[in-house]
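Below are the chains, spelled out letter by letter.
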Amino acid sequence: MPPIRLVIVDDHPIVRDGLRGIFAGDPGFEVVGEAADGHEALAVALRTGPDVVLLDLRMPRMSGVEVIRRLREQPPGVHVLVLTTFGDDADVLPAIEQGATGYLLKDTPRADLRRAVQAASRGETVLSPTVAGVLTAKARAPEAPRTLSRRELEVLKMIARGATNRDIAGKLFITEATVKTHLLHVFAKLHVKDRAAAVAAAYEIGLLRPAADG
């Protein structure tokens, strides 16, 4: 089997040196590039075509999450294994959502890290116990209620009746730009992208009721 081609990305030279040392003596790995910031990481990864990018998240010039997103837009084949100090959901969830193959903390033992890179190169999901716990807790947590302000609900009710932005602006004595702003807030809160989907979602979760609002 050819060695796993690896790019190491971290803004601390000492960390990069240590990681390179973990893989340098193993014929199953080949470190084909290193980077100290997000922009450099993206350029090195695109130039070298590695099997795995071992990536820190918090870096200058471009965040690790943005690097993951941009690499995902490229032809398939590059797997990103996050290796960072941070294991809270503010860091974990965006990285996983953007397509990271795995997420490990920097206290991972050397042998476990090598095995994780091997697994990531096969496209297998690799999570540290702490990160797995964060994701499990998130999955079990009840969804936050999707509440609208009084004015947002007024706008949505009028949309459901077929009103245009101009109609709504005239009825509520506000500008059309303000109507658009209210709609953007509604879309964000209901996790939808257009007016029809917003109305459908509102009926589904009980914000609108045909008997009362029809």
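Thresholds, definitions, all that
Residues numbered from 1 in each chain as written. Predicted model: local features only at pLDDT ≥ 70, side-chain atom pairs only at ≥ 80, totals over all residues. Heavy atoms only, no water. Phe/Tyr/Trp six-rings, centres within 6.5 Å; stacked < 30°, edge-to-face > 60°. Buried < 20%, exposed > 50% of the residue type's maximum accessible area, 1.4 Å probe, protein only. Lys NZ or Arg CZ within 6 Å of the ring centre and 35° of its normal. Helix = DSSP H or I, 4+ residues; strand = E, 2+ residues; numbered from the N terminus. Contact = heavy atoms within 4.5 Å. Core = buried A, V, L, I, M, F, W, Y, C linked by side-chain atoms within 4.5 Å. Axes fitted to C-alpha atoms, helices over the stretch in contact; angles between N-to-C directions. Parallel < 35°, antiparallel > 145°, perpendicular 65-115°, else oblique. Left-handed = near helix turned anticlockwise from the far one by under 90°. Nonpolar A, V, L, I, M, F, W, Y, C, P; charged D, E, K, R; others polar. Pairing = 2+ DSSP bridges. Right-handed = clockwise from strand over helix to strand, strands pointing away.

Asker: A description of the packing of aromatic side chains should follow, citing residues and the corresponding values.
Answerer: Considering all chains together, one arrives at one aromatic pair under this definition. Plain terms: the ring middles of F23 and F29 are 4.9 Å apart, the flat faces sit at 65° to each other, and that makes the pair edge-to-face. Of the two residues examined, F23 and F29, each falls in the buried class. Between the NZ or CZ atom of R58 and the centre of the ring of F86, over which it lies, the distance is 3.6 Å.

Asker: Describe the side chain of E152, and please don't skip the residues or the numbers.
Answerer: With respect to the secondary-structure elements, E152 resides in helix α7 (residues 150-160). Sequence-distant contacts of E152, that is, excluding residues within four places in its chain, are made with H182, H185, V186 and K189.

Asker: Which residues make up the nonpolar core, and what are the values?
Answerer: Membership of the largest hydrophobic core comes to 24 residues, with the highest contact counts inside it found for V9, V53, L55, I68 and Y103. For this core, the secondary-structure elements that each account for two or more residues are β1 (4-9), α2 (38-48), β3 (52-55), α3 (64-72), β4 (79-84), α4 (89-97), β5 (102-105) and α6 (129-140). Here the element with the most residues in this core is α2; it accounts for four residues. With residues up to four places along the chain from it excluded, the contact list for I68 reads L55, L57, V80, V82, A95, Q98, G99 and A100. Residues V155, F187, V192 and A202 belong to the second largest nonpolar core, which totals 21 residues.

Asker: I'd like a rundown of the packing of α7 against helix α8 (residues 165-172), residues and numbers included.
Answerer: Axis separation between α7 and α8 bottoms out at 10 Å; the angle between their running directions is 130°. One finds that α7 runs oblique with respect to α8. By crossing handedness, the relation of α7 to α8 is classed as right-handed. Contacts between α7 and α8 involve R151, E154, V155, M158 and I159 from the first element and N165, D167, I168, K171 and L172 from the second. Classifying every residue of the contact of α7 with α8 gives five nonpolar, one polar and four charged.

Asker: Account for the pairing of strand β2 (residues 29-35), with residues named and values stated.
Answerer: Bridging between β1 and β2 involves six bridges; their strand directions are parallel. Within β2, the residue paired with V7 across the bridge is G33. Note that the unit made of β1, helix α1 (residues 13-24) and β2 has a crossover that is right-handed.

Asker: Hey, could you go over the environment of D107 for me, with residue numbers and the actual values?
Answerer: Within the secondary structure, D107 sits in the loop between β5 and α5 (110-121). Among the residues examined, D107 registers a relative accessible area of 64% and is labelled exposed. For the pair D107 and I168, spaced 61 residues apart in sequence, the C-alpha to C-alpha distance is 56 Å.

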